Structure formats: structure tokens, C-alpha cells
Amino acid sequence: MQQAQLSERIGTLVTGVDLTAPFTDEVVEALLEAMCGRKLLVFRAADLSAEDQARVVDLFANVWDERGDGSRHIFVSNARAGGVLGRPDGLLFHSDCLYMPAPLAVISLYAIEMPMSPSPTVFANSLAAAGDLPPELRSRLDDATGLFVGGLGGYERLRSDTASDEAMRVEHPIRFPDALAGEAAMLVDELYFDRFVDWELEESDAARDEIHEHVYAEHNTYVHHWQVGDLVVWDNIALQHGRRPVPDDGPRTLRRVVGLDRSVTEYEHLTGKALEIEAARGR
Ligand SMILES: O=C(O)CCC(=O)C(=O)O
Ligand SMILES: [Fe+2]
């Protein structure tokens, strides 16, 4: 197995591993170590099956059947019936499902078809950025709690005060434990983070802005330009991701398999029902 670093703080391109056969103990150990250190792995794998994709995710977390139909995958697509996130809009930086009691631990996307100029997915290492904060702000976050608001879709930021009653609301420690990294991450994203609990709103918004300057700094990000056959697997707690607008020049389809931390029980996460509603809305 060989690795090549993709950016200063995020990602490694893994080659020399056969994803269609069971992994040896040695490879499992190397992949866990790579995920811990680099937070995102890229594989180039032509014609990867959904089962093989799930076997990769299963190395890092319990595969979660998002739609609840036994298929264990969905499509992020502007072209497939039942696909999600298919609008041409960009997506604000986020970690998936921060508005749930149990956010996803791992996300994987496999590029099945890409348009002429595919819009990239951009990643930011919020865990690493915690170390760049001024010491005073950093130590204030140690025992801070965040309020997260959202739902499926995720094109626009909701605020707790104005969001509907149905919007999910949940509180998490800002320095959220990241089992894969073996250290605490920093959950302050653009999309779902509403505010620091018990801070003055003005102070909370100012801290959010200051944190984002560090999180989205160029040296702290990685831009993935998709090619058909790319499998990208990442730590959803350590990293945030966003998307530049999808150009209207053809089908863009990614097969998505996700995982929950091994300690999570089903009822702490979402059922497939909400996804069905979203797919029916055609987003
Ligand atoms: O379409 C993309 O580039 C990213 C989609 C996304 O946010 C997700 O699958 O969680
Ligand atoms: Fe996402």
C-alpha cells in the first residue's frame, strides 16, 4: 500500500490496495492509521460495487442504512430518480447530521458519473484549526456547548429563533469526541451551528466568525476535483465539507455510504423516513 499526501492538512491518496477482496490485518491497521492522521482517504477504483464501498466504510464505523431499505447506500445526484442534494446550488460548509443526537462518523462518496466541469467538494479541517486559535478563545471552547439547528437538504443556514418547530435542534459539546482521531474535534460549521449556549448572541456570532477564519483558511482545506471512479472516505467529525455550485452541464452522481460511531444506537440517529420525504421533494 502506498500513500501520497493531498494537501498540507487533509487527505491521502491510497494506492496498491484491492478494494474488491477482504483486507489483510496489515492493510486494516495502515488504513486506520491513515484516517487518524489525514482524516480523508482517496482511492481510485473503477466499477466499485456498493458492497465493496460499504466494506471500506465498515473499517471505520458501523455502516448506516440511510434510506432504511436494506440497500445501505443512496445517491447524491442531479440525474437519478430518488437522488438527494441534486440542486445546482453550492452547499455551505458542514458536517453531516450535526443537528442529530448522533452525527455521522464517516461519509464516503463514489463518483459514478461526472459532468464536463464537475463541481468540486471542498474539505476543511476544523479539528486542526482548533490548534490555531488564540489561546484565550481556545480555552473558552473547552467547556462550551453549541446549539445546532437543521434538517435535511442543507442549502441554507437556519437560526433557532426563526426556524420552524419541526427543525431539529440539539446541543453538543463543541469539543466533540472524535473516536477515529482519538481526540476532540471542534464543531463550529457554517450550516448547522447556531450559537454557543449561554453566551451573548453578539459574542457568539463574533467567535463563530473568528473560528471560521481559521477553519476555512487555504492551508487548512483540500479541494477534491472529481473523476469517475474516485472513492473519497472521510472523518465527518474532524472535517467539514462544502460544495461549489454544480454547473448545469450534465449528470453528476455520487454513491454515498455512511457510518455511525460504533457506540451509537439506532434511535440516536435518523430513520429513512426523512430522506424519503426529501427525495420526493426532488432535491
Ligand atoms: O455533492 C457534494 O459534493 C457533497 C454532498 C454532501 O454534502 C454529502 O454527501 O454529504
Ligand atoms: Fe454533506
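Residues numbered from 1 in each chain as written. Chains lettered and ligands numbered in written order. Predicted model: local features only at pLDDT ≥ 70, side-chain atom pairs only at ≥ 80, totals over all residues.

Colleague: Could you clarify how one ought to interpret the site of ligand 1 in this entry?
Modeller: In the vicinity of ligand 1, the residues found are V76, L85, L91, D96, I107, L109, T121, H241, R243 and R256. Sorting the residues of the shell around ligand 1 by element identifies β7 (106-113) and β16 (239-243) as the ones contributing at least two each. Class assignment for the residues of the shell around ligand 1 results in 5 nonpolar, 2 polar and 3 charged. (Near = placed C-beta within 6 Å. Helix = DSSP H or I, 4+ residues; strand = E, 2+ residues; numbered from the N terminus. Nonpolar A, V, L, I, M, F, W, Y, C, P; charged D, E, K, R; others polar.)

Colleague: What's the story with the sheet that holds strand β13 (residues 193-196) in this structure? I'm lost.
Modeller: Within a sheet, each strand pairs with its neighbour through backbone hydrogen bonds, oriented either parallel or antiparallel. If you walk across this open sheet you meet the 3 strands as β10-β9-β13, and the pairing is antiparallel. In this open sheet, the two edge strands, each paired with only one partner strand, are β10 (168-173) and β13. In this sheet, neighbouring strand axes are inclined to one another by 25 degrees on average, regardless of whether the strands run parallel or antiparallel. In the sheet, strand β9 (residues 145-150) pairs with β10 via 6 bridges, with the strands oriented antiparallel. Opposite V149, over in β10, you have R169 as the bridge partner. (Pairing = 2+ DSSP bridges. Axes fitted to C-alpha atoms, helices over the stretch in contact; angles between N-to-C directions.)

Colleague: Looking at this structure, I do not really get helix α5 (residues 201-215). What am I missing?
Modeller: In an α-helix, one turn spans 3.6 residues, which is why side chains three or four residues apart end up on the same side. Compared with the 21 Å implied by 1.5 Å per residue over 15 residues, the 21 Å span of α5 between its first and last C-alpha is a close match. Among the residues making up α5, those that are buried are A207, I211, H214 and V215. Seen along its axis, α5 keeps its buried residues to an arc of 90 degrees; they face one direction. Summarising the geometry of α5, the exposed residues directed more than 90 degrees from the buried face are L201, E202, A206, D209 and E213. For α5, the secondary structure elements touched by its buried residues are β8 (121-125), α3 (126-130), α4 (135-141), β13 and β16. (Expected span 1.5 Å × (residues − 1). Buried ≥ 20, exposed ≤ 12 C-beta atoms within 10 Å, placed from the backbone. Arc of directions from axis to C-beta. Contact = placed C-beta atoms within 7 Å.)

Colleague: Just to check I follow, could you spell out the sheet that holds β16 for this structure?
Modeller: Sheet architecture is open: 4 strands sit in the order β6-β16-β8-β14, paired in antiparallel fashion. Only two strands of the sheet have a single partner each, and these edge strands are β6 (91-94) and β14 (221-224). Looking at each pair of strands side by side, their axes are set apart by 15 degrees on average, direction ignored. Two strands pair when backbone bridges link them, and β8 and β14 are joined in this way by 4 bridges, in the antiparallel orientation. Each bridged residue has a counterpart across the sheet, and for V122 the counterpart in β14 is V223.

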